[in-house]
Amino acid sequence: MNGSSSPDSPVTVVETSPWRSEDIWAIWLAATLLAVSLAATWLARPADHVARLADFEEVTRQLEEAESQNATDGESLAALRKRAETTRTRLAVNPLKPYIAKLSSWDSDPLKAFFDSQGRSLLLGLLGTLVLLLALFNVGLIGLGGKPRNFSQAFVFVFLLATVAFLLSGQKVVKHYNLEYALWALVVGLIVSNTIGTPSFARPAIRTEFYIKTGLVLLGAEVLINRLLVLGLPGVLTSWLVTPVVLIGTYAFGQRVLKMESRSLNMVICADMSVCGVSAAIATAAACRAKKEELSLAIGLSLAFTVGMMVVMPPVIQWLDLGQVVGGAWIGGTIDSTGAVAAAGGMLGDTALAVAATVKMIQNVLIGFVAFGVAIYWVTVVERTPDAASPSLFDVWRRFPKFVLGFLAASIVFSTLSARGPEAQAVTSAVIGGTTETLRGWLFCLAFVSIGLETNFRELRPYLASGKPLVLYVCGQAFNLALSLFMCWLIFEKVFPDVARTLSP
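Conventions and cut-offs
- Residues numbered from 1 in each chain as written.
- Predicted model: local features only at pLDDT ≥ 70, side-chain atom pairs only at ≥ 80, totals over all residues.
- Heavy atoms only, no water.
- Salt bridge = Lys/Arg side-chain N within 4 Å of Asp/Glu carboxyl O.
- Helix = DSSP H or I, 4+ residues; strand = E, 2+ residues; numbered from the N terminus.
- Buried < 20%, exposed > 50% of the residue type's maximum accessible area, 1.4 Å probe, protein only.
- Expected span 1.5 Å × (residues − 1).
- Bend = angle between axes of the 7 residues up to and from the residue.
- Phe/Tyr/Trp six-rings, centres within 6.5 Å; stacked < 30°, edge-to-face > 60°.

Caption draft 1: Fine view of the pattern of salt bridges. Throughout the structure, instances matching the rule amount to eight salt bridges. For lysine 213, the salt bridge goes to aspartate 23, with nearest N and O atoms at 2.8 Å. In this pair, lysine 213 sits in helix α8 (residues 208-220) while aspartate 23 sits in helix α1 (residues 22-43), placing the two residues 190 residues apart along the sequence. We note that lysine 213, like aspartate 23, is buried. One salt-bridge network, in which partners are shared between bridges, spans Glu22, Asp23, Arg207, Glu209 and Lys213.

In structure tokens form, the structure reads like this:
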């Protein structure tokens, strides 16, 4: 997990400087994408944007007046809300959106995936995405001090596998059960590596960590602090009290009760299960230098349980009569994938969806803090020998996954911009919705394909033989579910019973 190429890879990277690391270059590449998209969207504001802003402010005033008077005409309120959203989106247009795309949903004809809802071809957008990412990572590999021989043809192969994963996840029945692209990307890669074997020509583009780190920095732009504050202190307490308790408790259970042979595998599984799934697993794996097989196993367990919890939790919540607020918070605090959180919350209602998504976003902020804590623990406890000198701050900094700083910086910058008024908010939304969210999805998909291509079931067999990883995940998730449910009930029913009304539709 040190970011260098495998021995048989034609890409040779020698990290002679801390500035020539995947973490730093992931930040540079993501920052470039964010800056270019932001500048293009701001400069492309409609000529009549002042008039559009006045129209939006008037509609907003009418909506606030209707809501303050406790209007009972639900249809009129819904119409006003829809008009407010429409006028807000008209404040900004992302000119890059037609050139960045991923596949659409389809029912019985896979070719429909290559057309948008208006019947327009997506080929230009798919080609633009391929060219942009290819150019971007060629620059990145050169910046790392490598010689990316044959990288282009290898990248096209991995990109095609990612396209297959998006195609499979877009089928409407599959989409209904929220079997997301991450699962299919992992499966596609595993099928190739465990049948015909990963082709040698594809190895230069198997850059799992580079893709995921760049994608995580882009994800930071989507975690807007002002949106996290909607739930205020109750939302923070729900996420930030339970998560570290579950992480530490489950890790201790794995070491002291299950006697896990690998501390790094134990930590990655615990972080994946307790924080926010795959993103936390990647950051934690970098901090404790877990093996790629350990990361693959943790991600596989996470994706499998996510699907099951997404299906089971909504009817359980209804059976327990928890209500949309407590139920939504419980979903947001326990289901790992953001997409699965939205799907499960939506099954309960709009309020549950809003609460679940907000709690999950608050939890996502912990990625950086958990990675930093794991880095400190690994340097000061796990890797320290009795006769070694006390570790310095430099030792912690050397181990800390620095791309997390890019994640936090992107969140702060876009949160600040989004808070500067409706026009700035529309611009940041257009940047995220039209460019960076799509690119982040592609980067994650490329990373999961790469994980599959690097993983052989024979290498996973030693980890699975004892059954301890599965027992650890099941016990940890059971603890997470029980503690999260109690905390959600306590906070939203007893301590702050009225706080979630602001999220009601």
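Caption draft 2: Molecular detail of helix α20 (residues 422-454). For α20, built from 33 residues, the straight-helix expectation of 48 Å at 1.5 Å per residue is met to within 8% by its first-to-last C-alpha distance of 45 Å. The sharpest bend along α20 comes to roughly 40°, located at isoleucine 432. Summarising burial for α20: 27 of the 33 residues are buried, a large majority.

Caption draft 3: Here's a closer look at unusual backbone geometry. Of note, the phi angle at lysine 259 is positive, near 55°, even though the residue is not glycine. One can find lysine 259 in the loop between α10 (232-256) and α11 (263-276). In this model, arginine 289 sits at a positive phi of 55°, which is unusual for a non-glycine residue. Here arginine 289 is to be found in the loop between α12 (278-288) and α13 (292-320). When its relative accessible area of 42% is taken as the criterion, arginine 289 is described as partly exposed.

Caption draft 4: Layout of helix α14 (residues 323-334). With 12 residues, α14 extends 17 Å between its outermost C-alpha atoms, agreeing within 8% with the 16 Å of an ideal straight helix rising 1.5 Å per residue. For α14, a buried count of nine out of 12 residues is recorded, marking the element as mostly surrounded by other parts of the structure. Considered for burial, the residues of α14 that qualify are Val326, Gly327, Gly328, Ala329, Trp330, Ile331, Gly332, Gly333 and Thr334.

Caption draft 5: Spotlight on the packing of aromatic side chains. Under the definition given, this model contains 14 aromatic pairs. Summarising the aromatic geometry, the rings of phenylalanine 166 and tyrosine 181 are spaced 5.0 Å apart at their centres and angled 35° between planes, so their arrangement reads as tilted. Taken together, the positions of phenylalanine 166 in helix α5 (residues 151-169) and tyrosine 181 in helix α7 (residues 181-194) put the pair 15 residues apart, joining distant regions of the chain. One exposure class covers both phenylalanine 166 and tyrosine 181, and it is buried. Measuring from ring centre to ring centre gives 5.8 Å for tyrosine 377 and tryptophan 378, while their planes differ by 65°; the resulting arrangement is edge-to-face. Classification of tryptophan 378 by relative accessible area gives buried; the value is 4%. An aromatic cluster of at least three residues, connected via ring pairs, comprises Phe137, Phe151, Phe155, Phe159, Phe166, Tyr181, Phe210, Tyr211 and Trp442.

By themselves, these are just geometric observations and shouldn't be taken as functional.
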